[in-house]
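Commentary on secondary and tertiary structure
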Amino acid sequence: MPKISDEDRERVELLRLVSSSKNEFKELTLEQLKRLQELVEKKDYSHDKKAHKSKVKLLGKINVRIYELTEGRGIWG
């Protein structure tokens, strides 16, 4: 059985925070979002096409939320 790394534990905990909220990423701070982005990018899902597609979609949502926090929401409404 493979050893679970500290980064894996941290990634799972941040993903648990995201999935437990109706507002998804709105509960996370900018620092938590950036860390989650880094951890998800590191994880290799190339062996599983469906998981890789979900990873790309998740990274897109994270990027949108980071943009909202850094640039503000006032641009479109």
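Residues numbered from 1 in each chain as written. Predicted model: local features only at pLDDT ≥ 70, side-chain atom pairs only at ≥ 80, totals over all residues. Heavy atoms only, no water.

Before going further, it helps to spend a moment on helix H2 (residues 30–42). Between the first and last C-alpha of H2 there are 19 Å, a value that for 13 residues agrees with the 18 Å anticipated at 1.5 Å per step. For H2, the complete set of buried residues consists of Leu 33, Leu 36, Gln 37, Leu 39 and Val 40. (Helix = DSSP H or I, 4+ residues; strand = E, 2+ residues; numbered from the N terminus. Expected span 1.5 Å × (residues − 1). Buried < 20%, exposed > 50% of the residue type's maximum accessible area, 1.4 Å probe, protein only.)

Let us now look at the confidence of the model for the protein chain. The predicted model of the protein chain has a mean per-residue pLDDT of 86, with 94% of residues at 70 or higher. When mean pLDDT is taken per element in the protein chain, H2 scores highest with 93 and helix H1 (residues 6–19) scores lowest with 89. (pLDDT = per-residue confidence, 0-100.)

Its location among the elements puts Leu 28 in the loop between H1 and H2. Note: C-alpha distance between Leu 28 and Lys 57 (29 residues apart in sequence) is 18 Å.

This paragraph deals with the packing of H1 against H2. For any two helices packed against each other, one specifies the inter-axial angle together with the distance between the axes. Two elements in contact, H1 and H2, have axes separated by 10 Å at closest approach and are oriented at 125°. Regarding the angle of H1 to H2, the classification is oblique. In the packing of H1 onto H2, the handedness of the crossing is left-handed. Each of Glu 7, Glu 10, Arg 11, Leu 14, Leu 15, Leu 17 and Val 18 in H1 lies in contact with H2, whose residues at this interface are Gln 32, Arg 35, Leu 36, Leu 39, Val 40 and Lys 42. Class assignment for the residues of the contact of H1 with H2 results in seven nonpolar, one polar and five charged. (Axes fitted to C-alpha atoms, helices over the stretch in contact; angles between N-to-C directions. Parallel < 35°, antiparallel > 145°, perpendicular 65-115°, else oblique. Left-handed = near helix turned anticlockwise from the far one by under 90°. Contact = heavy atoms within 4.5 Å. Nonpolar A, V, L, I, M, F, W, Y, C, P; charged D, E, K, R; others polar.)

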